Amino acid sequence: MTLIKSISGIRGTIGGAAGEGLTPVDIVKFTYAYCAKMRERKRPFGAKYKVVVGRDARLSGQMVEQLVCGTLVACGVDVVKCGFASTPTTELAVTFSNADGGIILTASHNPRQWNALKLLNEHGEFLSAEQGQAILDCAEAGEFDFAAVDDLGHIEEHDFTDEHIDSVLDLKAVDVPAIRAAHFKVVLDAVNSVGGIIMPRLLARLGVECIRLNCEPTGDFAHNPEPLPANLTALSDTVVREGADLGISVDPDVDRLAFICEDGKPFVEEYTLVSVADYLLGLAEKEGGRNLATVSNLSSSRALRDVTEAHGGTYHAAAVGEVNVTTKMHEVGALIGGEGNGGVIYPASHYGRDAMVGVALFLSNLAHKGMKAGEYKKTLPQYHIAKNRIDLSDKALIDKILDSMKERFASGKVSTFDGVKVDFEEKREWVHLRRSNTEPIIRVYSEAPTAERAEALGEEVVSLAKSIIG
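The structure reproduced in this document is the subject of the present report. (Residues numbered from 1 in each chain as written. Predicted model: local features only at pLDDT ≥ 70, side-chain atom pairs only at ≥ 80, totals over all residues. Heavy atoms only, no water.)

Pairing geometry for strand β12 (residues 293-297) and strand β13 (residues 314-318), over five bridges, is parallel. Within β13, the position partnered with Val-295 by the bridge is His-316. Tracing the backbone out of β12, into helix α10 (residues 303-310) and back to the parallel element β13 gives a crossover that is right-handed. (Pairing = 2+ DSSP bridges. Helix = DSSP H or I, 4+ residues; strand = E, 2+ residues; numbered from the N terminus. Right-handed = clockwise from strand over helix to strand, strands pointing away.)

Below, the structure written as structure tokens:
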């Protein structure tokens, strides 16, 4: 059983003894700590704090929801319970309802036995590192001060699904008439979670024919829920069999997005953000936009940088982690940003990964270009990413390896604000070494114009690292 605590919340496996996984005690303790820190913000005299709670469809969701909502009420906080809601829906619900924060109950792409509490601020964005650490410290202190009976909170229920969809369709860059005119036919795999509720409704509003796979929100995932090619074979087969234009895959909380081309081949998760950025940068360029800035994390494809610069824009890199990406996006006033795991963050909507926004923009792009997904993919810069890891016996060896890598590649272009990343500009290659926060592991990501070279580069660095420790 596992419990992982981080500045963005807590996640773990359900079941087992205290101290083994995510227990009811942990859920109450961390929800209380979230309230305690939120109450440090001043409110007008007599005004209640309000928190939005939304959850994906996983099997433990209702149990976790009851504990979280009950704790919030016991802390004197009013609750807006969204029920089944995607992560981006819950984020938007915070601003829609003028709440003081939000708690998302989802373990994202983790398997069915996992769940998590993800914590939002009053803007519907993930907490800063400082805010998250303060909650962790408060939870560990174990000092509780619940509200008196006359000051308990209240619960109201509200489904924000249609408001979310309305907000997507209202985006200027989403060309609903063009999508309708294209008469797209798609296959949707929603992995038996909340994507099966919201995504078909969005596609219907866009005039898209939708064939559904795993769209019943039972929480009993039909396959590994991470939207990677190895987990999407049924989707690929159905796209080809049905003669569909596109396959769409979302993870259980619908913040990550992957596409399958008309021939059943992956569009590749890394290129979800790249394709949407290409579309938005093109629109902004035509309109004379000046600040054509994009952001992704250090482990994401170089293709975003290439596309950005081709449109006359400026690319910025951030540390891995959604909050780091959004912080950099705020800083540079980015047009678009996200992560190579299929996460699209479009500030014109909100500062959070949103698969609904990603789908609407991607279909707008295809409609404008009049191309099949596979044809369009060939027009983008071509790169391949390989993923390796270095397993160590001691976490202390991580610093030794990373420091040695800095010295070894000191003459090159090296970034050190999130592990060590080395760019080999003349070869259009890079390698990124990052520490695991929970295990004595260094993750090694490498990218090159061919899959063979990407894998070889990663293996070269792994061999070099092993020679450092003997």
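The computed volume of the largest pocket comes to approximately 1900 Å³. Listed by contribution, the elements that provide at least two residues to the lining of the largest pocket are β1 (3-6), β2 (9-13), β6 (114-120), α11 (322-332), β19 (429-435) and β20 (441-448). Looking at which element gives the most residues to the lining of the largest pocket, the answer is β6, with four residues. Taken as a whole, the second largest pocket encloses approximately 410 Å³ of empty space. Forming the boundary of the second largest pocket are 17 residues, of which Val-268, Glu-269, Glu-270, His-384 and Ile-385 lie nearest the centre. Within the residue set of the lining of the second largest pocket, elements represented by two or more residues are α9 (270-286) and β16 (384-391). It is β16 that provides the largest number of residues to the lining of the second largest pocket, a total of three residues. Classifying every residue of the lining of the second largest pocket by side-chain character gives eight nonpolar, four polar and five charged. (1 Å grid on protein atoms, 1.4 Å probe; cavity = no way out; pocket = protein on both sides within 12 Å on 5 of 7 lines; lining within 4 Å. Points joined across faces, edges and corners; volume = space filled by probe spheres on them. Nonpolar A, V, L, I, M, F, W, Y, C, P; charged D, E, K, R; others polar.)

Turning to the environment of Ile-442, a few remarks are in order. Here Ile-442 shows up in strand β20. Separated by 249 residues in sequence, Ile-442 and Ser-193 have C-alpha atoms that sit 32 Å apart. Ile-442 has contacts with Asn-388, Arg-389, Ile-390, Leu-392, Ile-398, Ile-401, Leu-402, Leu-433 and Arg-434, leaving out every residue within four places of it along the chain. (Contact = heavy atoms within 4.5 Å.)

Pairing in this open sheet of four strands is mixed, and the strands run β13-β12-β14-β15 from one edge to the other. Two strands lie at the open edges of the sheet, namely β13 and β15 (343-345), each paired on one side alone. In this sheet, adjacent strand axes meet at a mean angle of 20 degrees when their direction is disregarded. Looking at chain direction, strand β14 (residues 336-339) and β15 are connected through three bridges and run antiparallel. Across the sheet, Gly-338 pairs through a bridge with Val-344, a residue of β15. The strands touched by α9 are β12, β14 and β15; relative to β14, the strand with the most contacts, the crossing angle is about 175 degrees. (Axes fitted to C-alpha atoms, helices over the stretch in contact; angles between N-to-C directions.)

So, about unusual backbone geometry. Positioned with a positive phi, Asn-98 is a non-glycine residue whose angle comes to about 55 degrees. Along the chain, Asn-98 turns up in the loop between α3 (87-96) and β5 (101-105). You can call Asn-98 exposed: its relative accessible area is 65%. Look at His-183: it is not a glycine, yet its phi comes out positive at around 55 degrees. Summarising the element assignment, His-183 is placed in the loop between α6 (176-182) and β8 (185-189). (Buried < 20%, exposed > 50% of the residue type's maximum accessible area, 1.4 Å probe, protein only.)

With that settled, the discussion passes to the packing of aromatic side chains. Throughout the structure, instances matching the rule amount to nine aromatic pairs. A centroid spacing of 6.3 Å and a plane angle of 90 degrees characterise the contact between Phe-259 and Phe-267, whose relative ring orientation is edge-to-face. Summarising the aromatic geometry, the rings of Phe-409 and Phe-424 are spaced 5.9 Å apart at their centres and angled 80 degrees between planes, so their arrangement reads as edge-to-face. In this pair, Phe-409 is assigned in the loop between α14 (396-408) and β17 (413-415) and Phe-424 in strand β18 (residues 420-424), connecting sequence segments 15 residues apart. The aromatic ring of Phe-267 is capped on one face by Lys-377, whose charged end is 5.9 Å from the ring centroid. The ring of Trp-430 has Lys-421 lying over it, and the distance from NZ or CZ to the ring centre is 4.2 Å. (Phe/Tyr/Trp six-rings, centres within 6.5 Å; stacked < 30°, edge-to-face > 60°. Lys NZ or Arg CZ within 6 Å of the ring centre and 35° of its normal.)

That's the geometry; what it means functionally is another story.
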